[in-house]
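Close look at the chain arrangement
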Amino acid sequence: MSPASFSHPDLPPEQSKALHAAIRLEWITVGVVAGIVVIVGLTAGSSQAMRTAFAEDMLSFLPPLAFLVAVRRARKPPDDKHPYGFHRSVGAGHLVASCALLGMGLWLSIDATLGLLKGDRPPIGVMSIAGFTFWAGWAMIAAMVISSIPPMILGRMKMKLAGPLNDKVLAADADMNKADWSTGLATIAGVTGIGLGLWWADSAAALLVSVSILKDGGTNVRGAVKDLLDSRATTVDGKAPHPLIGDMAAVVHRENWVETTAVRVRDMGHVFHAEVFVVPKDGHDPTMEQVGSLTDQCRNLDWKVRDTVVVPVRYLPDGLTAVGNPVISPR
């Protein structure tokens, strides 16, 4: 394996194991969502909150399917037409999953708001099963309890894998799972409110959940677009610059021939493409061996930065800030 190769079959053992676990989880998710859609569809009735939950469950197919397609595509090695490989497939999948969240949140918030403004009073009648007649709301509540438990478990498991894999599609899917079980809890509250005579509880519950989904969707869409526009690489949650940027700068500053440096890193999906610009001290002309050694040191920091180049320059490129005395972060 060449030092710069970074196709999926070359993942380190820990990440390879995590990737296979994530693929299994996503296939399980597809099966679980299919079952939930059937259960919720059969019990939805005329409840606004139940219809909201059903629509959300239908859209929940998109993130796991986007992940599975992206992973399959990203396995392909680089070629002449795609010298950077196909890891951008993960970024495209992140955008698809994020748009699903955003679109669902927007549609559901509008629907719920209109329900409140119109004063919709959804009737919940009775059901008869095996000769027993009971309030249909109990069936709705039972369906929501059943449909809320799997997403809660699956979402937590996916989020644990998203970090080690640097997979924002998986993180977005975990957010979708969070939205799923949050919807379930809010729907239970809405149906219960109808049973207590609070006509507005149903639409209010749907609106509350839709606003939360809208926020998560907007955050993920912004992150996905930034990655595709080659913004600075960030952590999986998008809240901070990725610590590997500072780590590489710290490695460079250990060399006694280096005056200053700047590191440019873009997120390609599971992996990063890094460019390390180095200004040598006056009177120092680094050899190929020195540059090669420094390149290997940067690549060996983490599997995600195998695609790293070190470039000696007289001046740092425009738009890049020189790094002073960085310290390698604990990881």
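Attention here is on the structure that accompanies the text. Keep in mind that this is a model prediction, so the values were computed, not measured. (Residues numbered from 1 in each chain as written. Predicted model: local features only at pLDDT ≥ 70, side-chain atom pairs only at ≥ 80, totals over all residues. Heavy atoms only, no water.)

A count of helices and strands for the chain gives nine helices and five strands. Long-range contacts, defined as pairs at least 24 residues apart, comprise 74% of the intrachain contacts of the chain with a sequence gap of at least 6. Carbon and sulfur atoms make up 64% of the accessible area of the chain, which amounts to about 16100 Å² in all. (Helix = DSSP H or I, 4+ residues; strand = E, 2+ residues; numbered from the N terminus. Contact = heavy atoms within 4.5 Å. Areas by Shrake-Rupley, 256 points an atom, 1.4 Å probe, with all protein chains shown as cover.)

So, on to unusual backbone geometry. Look at Asn-166: it is not a glycine, yet its phi comes out positive at around 50°. By the secondary structure assignment, Asn-166 is in the loop between helix 5 (136-165) and helix 6 (168-195). Despite not being glycine, Asp-230 has its phi angle at roughly 60°, a positive value. Here Asp-230 is to be found in the loop between helix 7 (201-228) and helix 8 (243-252). For Asp-230, a relative accessible area of 37% puts it in the partly exposed group. (Buried < 20%, exposed > 50% of the residue type's maximum accessible area, 1.4 Å probe, protein only.)

The next thing to look at is the packing of helix 1 (residues 13-43) against helix 3 (residues 62-74). Where helix 1 meets helix 3, the closest approach of the two axes is 9 Å, and the angle between their N-to-C directions is 140°. Crossing handedness for the pair helix 1 and helix 3: left-handed. Along the contact surface, helix 1 presents Leu-19, Ala-22, Ile-23, Glu-26, Trp-27, Thr-29 and Val-30, while helix 3 presents Pro-63, Pro-64, Leu-65, Phe-67, Leu-68 and Val-71. Among the residues forming the contact of helix 1 with helix 3, the class breakdown is eleven nonpolar, one polar and one charged. (Axes fitted to C-alpha atoms, helices over the stretch in contact; angles between N-to-C directions. Left-handed = near helix turned anticlockwise from the far one by under 90°. Nonpolar A, V, L, I, M, F, W, Y, C, P; charged D, E, K, R; others polar.)

Turning to the packing of helix 8 against helix 9 (residues 288-299), a few remarks are in order. Closest axis-to-axis distance for the helix 8/helix 9 pair is 9 Å, and the angle between their directions is 150°. With respect to helix 9, the axis of helix 8 lies roughly antiparallel. Note that helix 8 runs across helix 9; the crossing there is right-handed. Across the interface between the two elements, Met-248, Val-251 and Val-252 of helix 8 pack against Leu-294, Gln-297 and Cys-298 of helix 9. Residues of the contact of helix 8 with helix 9, tallied by class, amount to five nonpolar, one polar and no charged. (Parallel < 35°, antiparallel > 145°, perpendicular 65-115°, else oblique.)

Strand direction decides the pairing type here: strand 4 (residues 272-280) and strand 5 (residues 307-312), joined by six bridges, are parallel. What sits directly across from Phe-277, in strand 5, is Val-311. This β-α-β element, strand 4 to helix 9 to strand 5, shows right-handed connectivity. (Pairing = 2+ DSSP bridges. Right-handed = clockwise from strand over helix to strand, strands pointing away.)

Checked against the element boundaries, Thr-308 lands in strand 5. A polar contact of 2.5 Å, which involves the side chain of Thr-308, links it to the backbone oxygen of Val-305. When near neighbours in sequence (up to four residues on either side) are disregarded, Thr-308 contacts Met-248, Ala-274, Val-276, Thr-295, Cys-298 and Arg-299. (Polar contact = N/O pair within 3.5 Å; in protein donor to acceptor, adjacent residues only side chain to side chain.)

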